[in-house]
Amino acid sequence: MKTLLTALLTIHLVTSVHAEEDKMKFETLLDYKNVTVTKVEPDGIRIVHESGVAKIQIEKLPEEIRTQLGLSDDAAKEHREMLQEKREVALDFAKKQQALASKRLIFTGNVFQVTDGGLLLRNVAYTDGTKEEKKVPYKVKIGGPTGLNPNARTTYETRYNSEWVLKVRAFADWPIFVGCDTSGYVDGSTFSSVVYQHGTFSYTNVQGATKTIPSYTTNPKAVLERAGLTE
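Cut-offs and rules
- Residues numbered from 1 in each chain as written.
- Predicted model: local features only at pLDDT ≥ 70, side-chain atom pairs only at ≥ 80, totals over all residues.
- Heavy atoms only, no water.
- Helix = DSSP H or I, 4+ residues; strand = E, 2+ residues; numbered from the N terminus.
- Rg over C-alpha atoms; globule rule 2.2 N^0.38 Å.
- Buried < 20%, exposed > 50% of the residue type's maximum accessible area, 1.4 Å probe, protein only.
- Contact = heavy atoms within 4.5 Å.
- Areas by Shrake-Rupley, 256 points an atom, 1.4 Å probe, with all protein chains shown as cover.
- Core = buried A, V, L, I, M, F, W, Y, C linked by side-chain atoms within 4.5 Å.
- Expected span 1.5 Å × (residues − 1).
- Pairing = 2+ DSSP bridges.
- Axes fitted to C-alpha atoms, helices over the stretch in contact; angles between N-to-C directions.
- pLDDT = per-residue confidence, 0-100.
- Salt bridge = Lys/Arg side-chain N within 4 Å of Asp/Glu carboxyl O.

**A look at the overall build of the protein chain**
Moving on, step 1. Across its full length, the protein chain carries 4 helices and 12 strands.
Moving on, step 2. For the protein chain, the C-alpha radius of gyration of 34 Å lies well beyond 17 Å, the compact-globule estimate for 231 residues.
Moving on, step 3. In terms of overall dimensions, the protein chain has a C-alpha envelope of 85 × 80 × 35 Å along the principal axes.
Moving on, step 4. Counting every position in the protein chain, which comprises 231 residues, the buried fraction comes to 28%.
Moving on, step 5. Contacts in the protein chain between residues far apart in sequence, at least 24 positions, make up 51% of those at least 6 positions apart.
Moving on, step 6. Accessible surface computed for the protein chain: about 15500 Å², of which carbon and sulfur atoms make up 50%.

**Comments concerning the nonpolar core**
Moving on, step 1. Counting 16 residues, the largest nonpolar core has Phe26, Leu29, Ile45, Ile47 and Ile56 as its most contacted members.
Moving on, step 2. Of all the secondary-structure elements, those providing two or more residues to this core are β1 (25–29), β2 (32–41), β3 (44–49), β4 (52–57) and α2 (63–69).
Moving on, step 3. Ignoring anything within four residues of it in the chain, the contact list for isoleucine 56 reads Leu29, Leu30, Tyr32, Asp43, Gly44, Ile45, Ile47 and Leu61.
Moving on, step 4. Counting 14 residues, the second-largest nonpolar core is a separate cluster that includes Phe107, Leu121, Tyr126 and Val195.

**Some remarks on helix α3 (residues 73–103)**
Moving on, step 1. Here α3 is 31 residues long and its end C-alpha atoms lie 46 Å apart, about the 45 Å a rise of 1.5 Å per residue gives.
Moving on, step 2. Those residues of α3 not exposed but buried are Ala76, His79, Ala99 and Leu100.
Moving on, step 3. Those residues of α3 that are buried lie in contact with β5 (104–115), β11 (190–204) and α4 (220–226).

**With respect to the sheet that holds β2**
Moving on, step 1. The strand order across the open sheet built from 4 strands is β1-β2-β3-β4, with neighbouring strands paired in antiparallel fashion. Looking along the sheet, the strands with just one partner apiece sit at the ends: β1 and β4. Here the average twist between neighbouring strands, direction ignored, is 40°.
Moving on, step 2. Pairing analysis gives 5 bridges linking β2 to β3, with the strands arranged antiparallel. The partner of glutamate 41 across the bridge, within β3, is glycine 44.

**Focus on the confidence of the model for the protein chain**
Moving on, step 1. Averaged over every residue, the pLDDT of the protein chain is 87; the share at 70 or more is 90%.
Moving on, step 2. Element-level pLDDT for the protein chain is lowest in helix α1 (residues 4–7), with a mean of 38, against a maximum mean of 96 in strand β10 (residues 176–179).
Moving on, step 3. Here residues 1–21 scores under 50 on pLDDT; set against residues more than four positions off or in separate chains, the count is 33 contacts.

**Digging into the pairing of strand β6 (residues 118–127)**
Both faces of the sheet carry side chains from a regular strand, because those side chains alternate between them.
Moving on, step 1. The element β6 is largely enclosed, with a buried count of 7 among its 10 residues.
Moving on, step 2. As judged from the 8 bridges shared by β5 and β6, these two strands associate in the antiparallel manner. If you follow phenylalanine 107 over to β6, its bridge partner there is tyrosine 126.
Moving on, step 3. Count of turn residues in the β5/β6 antiparallel hairpin: 2 residues, of which glycine 117 carries a positive phi of about 85°.
Moving on, step 4. Here 4 bridges tie β6 to β10, and the two strands are oriented antiparallel to one another. Of the residues in β10, the one forming a bridge with leucine 121 is isoleucine 176.

**What about the side chain of threonine 115?**
Moving on, step 1. Mapping threonine 115 onto the fold places it in strand β5.
Moving on, step 2. Every residue in contact with threonine 115, bar those within four places of it in the chain, is listed here: Leu120, Phe177 and Thr182.

**Details of the side chain of histidine 79**
Moving on, step 1. Position of histidine 79 relative to the elements: it lies in helix α3.
Moving on, step 2. When neighbours within four sequence positions are excluded, histidine 79 is seen to be in contact with Pro42 and Asp43.

**Looking at the pattern of salt bridges**
Moving on, step 1. Summed over all chains, the structure comprises 10 salt bridges.
Moving on, step 2. A salt bridge links lysine 39 to glutamate 41, with the nearest nitrogen and oxygen atoms 3.8 Å apart.
Moving on, step 3. What makes glutamate 41 buried here is its relative accessible area of 10%.
Moving on, step 4. We note a salt bridge from arginine 80 to glutamate 59, for which the minimum N-O separation is 2.6 Å. Of this pair, arginine 80 sits in helix α3 while glutamate 59 sits in the loop between β4 and α2, and the two are 21 residues apart along the sequence.
Moving on, step 5. For arginine 80, a relative accessible area of 28% translates into the label partly exposed.
Moving on, step 6. Through salt bridges with shared partners, one network takes in Lys39, Glu41, Asp43, Arg46, Lys55, Glu59 and Arg80.

See the structure below:
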């Protein structure tokens, strides 16, 4: 494999008369021909060449070009560590959003009991935010009296417009628990909020029997903690 200095056949620096076009240009740089440096980054340079675009990492650049551009191994390492940290943060955020989206619902229901730490609901309707097509009928007149036939009967044709509406479902007639801030709620209130699936909840009814029912929460942090996605 040819060395970098051998690959760097001819270096030709051109100073443009226009400040906005003041860029380093090379007849040949490594394996690229007719090279224009478009951006200098801490860990390398971005170029346009006769066959397209590329990024040349600092390790592949001859020492004299690194010096000319003010590049250093320490700065390159620090830059790459910063980029890796950003990628990890973005990946962590995406995982959390995916975890929440898979458990997210919008509830509307009736409060039949305010309990410690949450509400017991009945008659709960819910949607996950998806939409379904709804056909809305309308009538169009297609026939009727005319000058030649004044006694003709007026006739109509039913046609349909499409509307996309939230797909709403309802739980069977069983209680649902929602962990939330209960201030402002009393028995008989209407509850409407974004919630997240959160396991089950057990309570004792008025007959003294223990009931285990589906549990939800309005706190996304609790969902992430349950999924092991928080520090």
